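Next come the chains, spelled out residue by residue.
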Amino acid sequence: MKNLNGNIKVWKISVGGKIFSSLSVTGNLVLFGCHDNNLYCLRCSEHAVEMLWRQDAGSAVYATPVRLGPHYLAFATTEGLVYTACLHSGKIITSIRLPKEIFSSPVIYRDSLIIGCRDNSVYCLRFNKSSIV
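Residues numbered from 1 in each chain as written. Predicted model: local features only at pLDDT ≥ 70, side-chain atom pairs only at ≥ 80, totals over all residues. Heavy atoms only, no water.

Asks: Please clarify how the overall build of the protein chain should be interpreted in this entry.
Replies: Per the secondary structure count, the protein chain includes zero helices and 12 strands. Mapped from its N terminus to its C terminus, the protein chain presents α and β elements in the order β-β-β-β-β-β-β-β-β-β-β-β. A compact globule built from 133 residues should have a C-alpha radius of gyration of about 14 Å, and the protein chain, at 15 Å, falls within 12% of that. With the C-alpha coordinates aligned to their principal axes, the bounding extent of the protein chain is approximately 45 × 30 × 25 Å. Excluding contacts between residues fewer than 6 apart, the proportion of contacts in the protein chain whose partners are at least 24 apart in sequence is 31%. By element, 51% of the accessible surface of the protein chain is carried by carbon and sulfur atoms, the whole surface being about 7600 Å². Looking at charge distribution, the protein chain has the averaged site of its 14 positive side-chain charges lying 4 Å from that of its 8 negative ones. (Helix = DSSP H or I, 4+ residues; strand = E, 2+ residues; numbered from the N terminus. Rg over C-alpha atoms; globule rule 2.2 N^0.38 Å. Contact = heavy atoms within 4.5 Å. Areas by Shrake-Rupley, 256 points an atom, 1.4 Å probe, with all protein chains shown as cover. Lys, Arg positive; Asp, Glu negative; His and termini not counted. Charge placed at Lys NZ, Arg CZ, Asp CG, Glu CD.)

As structure tokens, then:
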């Protein structure tokens, strides 16, 4: 199948809801959140894609996930939860609840995760390898 620019669609994968999250790429893994309350991890190649894992987050994931070192990631939900999880399995390791919804994407600065919240605040959360402290 070709589009108007002559580009060829290599692969496509469908998920259970709308995707508002930006995609986060680390090596051959693509991470993104979805309106269906899941965080997804795809393993990609030039010619194929496979869903490596899907993690139920309990509410929509609008924010873009961010990597925490070689084995972990962090992501946030519209319910105000910030999670750390295993990059390779999606298993949730720890979470912290902020006072309101989260739509902003976290950023990493040294050993801190910085994220905006709908309570009109920006939070700086320290993390230690795989958990938020």
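Now that the structure has been shown, the text picks up again.
Asks: I keep staring at the pairing of strand S11 (residues 121-128) and nothing clicks. Help me out?
Replies: If a strand is regular, its side chains alternate between the two faces of the sheet. Pairing analysis gives six bridges linking strand S10 (residues 112-117) to S11, with the strands arranged antiparallel. Residue pairing for S11: Ser 112 is matched across the bridge by Arg 126. Where S10 folds back on S11, the antiparallel hairpin that results is connected by three residues, among which Asn 120 adopts a positive phi of roughly 70 degrees. (Pairing = 2+ DSSP bridges.)

Asks: What's the story with the pattern of salt bridges in this structure? I'm lost.
Replies: Where charged atoms from two side chains of opposite charge come close, those side chains can pair. Within this structure, the stated rule accounts for three salt bridges. The residue Arg 43 makes a salt bridge to Glu 50 at a minimum N-O spacing of 3.2 Å. For Arg 43, a relative accessible area of 34% corresponds to the partly exposed category. Given the relative accessible area of 39%, Glu 50 is considered partly exposed. (Salt bridge = Lys/Arg side-chain N within 4 Å of Asp/Glu carboxyl O. Buried < 20%, exposed > 50% of the residue type's maximum accessible area, 1.4 Å probe, protein only.)

Asks: Any chance you could explain the sheet that holds strand S4 (residues 49-56) here in plain terms?
Replies: Adjacent strands of a sheet form backbone hydrogen bonds with each other and so pair up, either parallel or antiparallel. One open sheet holds the four strands; their spatial order is S1-S2-S3-S4, and the pairing between them is antiparallel. Taken across any chain shown, the strands that pair with only one partner, and hence form the sheet edges, are strand S1 (24-26) and S4. Each neighbouring strand pair of the sheet contributes to a mean axis angle of 20 degrees, computed without reference to strand direction. Note: strand S3 (residues 38-44) against S4, seven bridges, orientation antiparallel. For Arg 43, the partnering residue across the bridge sits in S4 and is Glu 50. (Axes fitted to C-alpha atoms, helices over the stretch in contact; angles between N-to-C directions.)

Asks: What is the right way to look at the packing of aromatic side chains in this model?
Replies: For any pair of aromatic rings, the description consists of the separation of the ring centres together with the inter-plane angle of the planes. The full count for this structure, using the stated rule, is four aromatic pairs. Each ring, one from Phe 32 and one from Tyr 40, has its centre 5.2 Å from the other, and the planes form 15 degrees; the classification is stacked. Each member of the pair, Phe 32 together with Tyr 40, is buried. Ring centres of Tyr 62 and Phe 103 lie 5.2 Å apart, and the angle between their planes is 85 degrees; on these two criteria the pair is classed as edge-to-face. With Tyr 62 in the loop between S4 and strand S5 (66-68) and Phe 103 in the loop between strand S8 (92-97) and strand S9 (107-109), the pair connects residues that are 41 residues apart, well separated along the chain. Tyr 62 sits in the partly exposed class, given a relative accessible area of 22%. (Phe/Tyr/Trp six-rings, centres within 6.5 Å; stacked < 30°, edge-to-face > 60°.)

None of the figures reported here should be taken as evidence of function without further support.
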